[in-house]
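Here is what each chain is made of, one letter per residue.
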Amino acid sequence: MKDYARYSFWLETAGENLTPRASLTRSEEVDIAILGGGYSGLWTAYYLQRANPGLRIAVVEKEIVGFGASGRNGGWCSSRFPVTPTVLRERFGAEAARNLLQVMFDAVDEVGRVCSQEEIAADYRKGGILTLARGTHQESSLRASYEAYRRLGLESHFQLLNAEQSRERVNITNVHGGLYTPEGASIHPAKLVRGLARTLEKLGVVIYEQTEVIDVLPGQAPRLVTGSGELRARQGVLLAGEAYLTRLRKFHRALLPMYSLISITEPLTPSQWAAVGWQNYESLASYRLTVDYLTRTADGRILFGSRGAPYRFGSLISDDQDRHALTHSRVHALVAEWFPMLKGVQFSHNWGGPVGVPRDWMPSVRFDPATRLGFIGGYTGQGVATSNLAGRLMAALITHPSSPIAQLPLAHRSSPNWEIEPLRWLVVTYMQKAFQRIDEAQEAGKPKPWDAGIVESLGRH
Ligand SMILES: Cc1cc2nc3c(=O)[nH]c(=O)nc-3n(C[C@H](O)[C@H](O)[C@H](O)COP(=O)(O)OP(=O)(O)OC[C@H]3O[C@@H](n4cnc5c(N)ncnc54)[C@H](O)[C@@H]3O)c2cc1C
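Residues numbered from 1 in each chain as written. Predicted model: local features only at pLDDT ≥ 70, side-chain atom pairs only at ≥ 80, totals over all residues. Heavy atoms only, no water.

## Section: the site of the ligand
Right, so step 1: Within the structure, the ligand sits among 36 residues, and S40, E61, S70, V213 and V384 are positioned closest to it.
Right, so step 2: Contacts to the ligand include G68, whose backbone N or O atom sits 3.5 Å from an oxygen atom.
Right, so step 3: The backbone of V384 places a nitrogen or oxygen atom 2.8 Å from an oxygen atom of the ligand.
Right, so step 4: Mapped onto the shell around the ligand, the elements with two or more residues apiece are α2 (39-51), β12 (256-265) and β16 (347-357).
Right, so step 5: Considering each element in turn, the shell around the ligand owes the most residues, three residues, to β16.
Right, so step 6: Per-class residue counts for the shell around the ligand are 15 nonpolar, 16 polar and five charged. (Near = heavy atom within 4 Å. Polar contact = N/O pair within 3.5 Å; in protein donor to acceptor, adjacent residues only side chain to side chain. Helix = DSSP H or I, 4+ residues; strand = E, 2+ residues; numbered from the N terminus. Nonpolar A, V, L, I, M, F, W, Y, C, P; charged D, E, K, R; others polar.)

## Some points on the state of the cysteines
Right, so step 1: All told, the structure shown has zero disulfides when counted by the stated rule.
Right, so step 2: For the unlinked cysteine C77, the closest cysteine sulfur is that of C115, found at 8.0 Å.
Right, so step 3: Residue class for C77 comes out buried when judged on its relative accessible area of 0%. (Disulfide = S-S within 2.5 Å. Buried < 20%, exposed > 50% of the residue type's maximum accessible area, 1.4 Å probe, protein only.)

## A closer look at the sheet that holds strand β15 (residues 302-306)
Right, so step 1: The strand order β5-β6-β4-β13-β14-β15-β12-β16 describes an open sheet built from eight strands, whose pairing is mixed. Looking at the sheet topology across the chains shown, the edges are occupied by β5 (159-161) and β16. Pairwise comparison of adjacent strand axes, ignoring direction, gives a mean angle of 20° for this sheet.
Right, so step 2: For strand β4 (residues 129-134) and strand β6 (residues 175-181), the ladder comprises six bridges, and the chain directions are antiparallel. Each bridged residue has a counterpart across the sheet, and for I129 the counterpart in β6 is T181. (Pairing = 2+ DSSP bridges. Axes fitted to C-alpha atoms, helices over the stretch in contact; angles between N-to-C directions.)

## Remarks on the pairing of strand β10 (residues 223-226)
On any regular strand, side chains alternate: one points to one face of the sheet, the next to the other face.
Right, so step 1: Examined bridge by bridge, strand β9 (residues 213-217) and β10 share four bridges and lie antiparallel to one another. Counted as the bridge partner of V216 is L224 from β10.
Right, so step 2: The antiparallel hairpin formed by β9 and β10 contains five residues in its connecting segment, where G219 sits at a positive phi of about 135°.
Right, so step 3: Note that β10 and strand β11 (residues 229-239) share four bridges and pair antiparallel. Looking at the pairing, L224 lines up with L231 of β11.
Right, so step 4: Hairpin remark: β10 followed by β11, antiparallel, with two residues in the connecting loop.

## A closer look at the packing of aromatic side chains
Given two aromatic rings, one states the distance between the centres and the angle between the planes to describe the pair.
Right, so step 1: Under the counting rule described, the total for this entry stands at 14 aromatic pairs.
Right, so step 2: Seen in terms of ring centroids, F105 and F158 are 6.4 Å apart; in terms of plane orientation they differ by 55°. Their pairing is tilted. In this pair, F105 sits in helix α4 (residues 94-117) while F158 sits in the loop between α5 (139-151) and β5, placing the two residues 53 residues apart along the sequence.
Right, so step 3: For F105, a relative accessible area of 3% translates into the label buried.
Right, so step 4: Ring plane angle 20° and centroid distance 3.8 Å describe the contact between Y149 and F158, whose orientation is recorded as stacked.
Right, so step 5: Here Y149 falls in the buried class, since its relative accessible area comes to 11%.
Right, so step 6: A relative accessible area of 10% means that F158 is categorised as buried.
Right, so step 7: Taken together, Y4, Y7, F67 and Y244 form an aromatic cluster joined through their ring pairs.
Right, so step 8: Between the NZ or CZ atom of R359 and the centre of the ring of W418, over which it lies, the distance is 5.3 Å. (Phe/Tyr/Trp six-rings, centres within 6.5 Å; stacked < 30°, edge-to-face > 60°. Lys NZ or Arg CZ within 6 Å of the ring centre and 35° of its normal.)

## Let's talk about the pattern of salt bridges
Side-chain pairs of opposite charge can arise whenever the charged atoms involved come near each other.
Right, so step 1: Within this structure, the stated rule accounts for 29 salt bridges.
Right, so step 2: In this structure, the salt-bridge partner of E147 is R150, at a minimum N-O distance of 2.6 Å. Of this pair, E147 and R150 both sit in helix α5, separated by three residues, roughly a single helical turn.
Right, so step 3: On the basis of relative accessible area, E147 is assigned to the partly exposed category, the value being 32%.
Right, so step 4: One salt bridge connects E419 with R359, and the closest N-O pair in it is separated by 2.8 Å. Of this pair, E419 sits in the loop between α10 (384-399) and α11 (423-443) while R359 sits in the loop between β16 and β17 (364-368), and the two are 60 residues apart along the sequence.
Right, so step 5: A relative accessible area of 26% means that E419 is categorised as partly exposed. (Salt bridge = Lys/Arg side-chain N within 4 Å of Asp/Glu carboxyl O.)

## Details of unusual backbone geometry
Right, so step 1: Between E421 and the following residue, P422, the backbone shows a cis peptide bond with an omega angle of 5°.
Right, so step 2: Inspection of the secondary structure puts P422 in the loop between α10 and α11.
Right, so step 3: Not every positive phi belongs to a glycine, and E242 is a case in point at roughly 45°.
Right, so step 4: Looking at where E242 falls in the secondary structure, it is placed in the loop between β11 and β12.
Right, so step 5: Since its relative accessible area comes to 15%, E242 is described here as buried.
Right, so step 6: Its identity is not glycine, yet V291 carries a phi of approximately 70°, on the positive side.
Right, so step 7: With respect to the helices and strands, the residue V291 is situated in the loop between β13 (283-286) and β14 (292-296).

Now the structure itself:
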């Protein structure tokens, strides 16, 4: 059996021995069959079961609950949506964009509410989100971001901070200002997903682990096909496999697996925390194109995550991509640069995992009553709170399709497929390298590379 604790600091510290649940050993019939034991599948099951206690729901997971991004992420339970407010407004209009962001604020609170109602001890702490302009070159992104919220009438949720006010919250170098919102929380990701699974079992949902779905058959009697039996569903089959779903041929180009990598320090000493500040546990980030996200953990460590691990030809997902020496060493250097007072701090764990990127960056939740097939996902690394919203939406699409939540722009939609190889590899690799070049040039005080305009417009989301 795999040593699941080695996949992330979170799985290691989830407070469980991670022994897999029983697998599916023969064909069965249920009302709803769900592929994927991450937040998306489990939130969907939770809201369906709470609203319809008589439903028979089964979840099928290839590994164990929380094996995927849900047991590995950065711990941001964030109101940020994968598509920026500006692009949401352009695509769907101001009112739809405002409604969507408003329900994202609510999703953060809803995760906290369920944790307390169901007694899931997931270290939920609502410290907000602080996005920092590090360097003068990031000041325009900071202003544009605030302005986008202001144009939607959401400015009361955001506060512009000057350099000094930002440093009063957390003592980071080269800060020229910050944008603070209280609409975010930090969580222990694995405690959340594992706790949700236990809650579901108490409610009567069956979870099969160590069971890989090898085919999905839609229709009046839709089925999840596994090597050891079929799960036949009277009402619907739901696909919640996120990046890993692309391993099934039928869904290979539906998403692109992009690795996000994390390093975490040993717990800091009280004097180190006194020098750093960060007393309110805000989720932290800057405006780098190559992405950075930081969390102060409940046990007093700094988690620093970033992109940068190369996309692999053919959308390959494999355990050996969970760690990438060059990216982790860059992350270690960034910690030293952001927090010079922590010179010599040791890193206890490095890990990573694939996020599912849709071709247009927009998550989708859809259920087709004719084929009884549903899809939920495509969060591009912003899935902790978004999957809660998506799970509620999926439950509504199945049982109350005319409810107001079903009008949100992520409902009833699909993203275009990704290009075929080798085009996919060429474009994604070019974009990844270009983002790196742009960040490096700007941080060195040099002009942006010649192709920055094209790259930024292609990567706009
Ligand atoms: C390193 C990292 C950092 C991140 N940081 C953040 C963050 O701080 N904040 C945030 O909001 N989001 C973050 N994300 C994204 C967030 O974690 C995900 O969007 C979210 O967890 C997705 O949940 P999910 O249930 O859709 O997918 P997953 O958690 O990936 O679950 C999918 C499950 O489906 C299973 N599966 C797939 N195919 C099959 C099959 N054929 N048969 C059976 N089972 C199958 C997989 O084994 C997996 O367990 C991060 C992601 C990563 C990888």
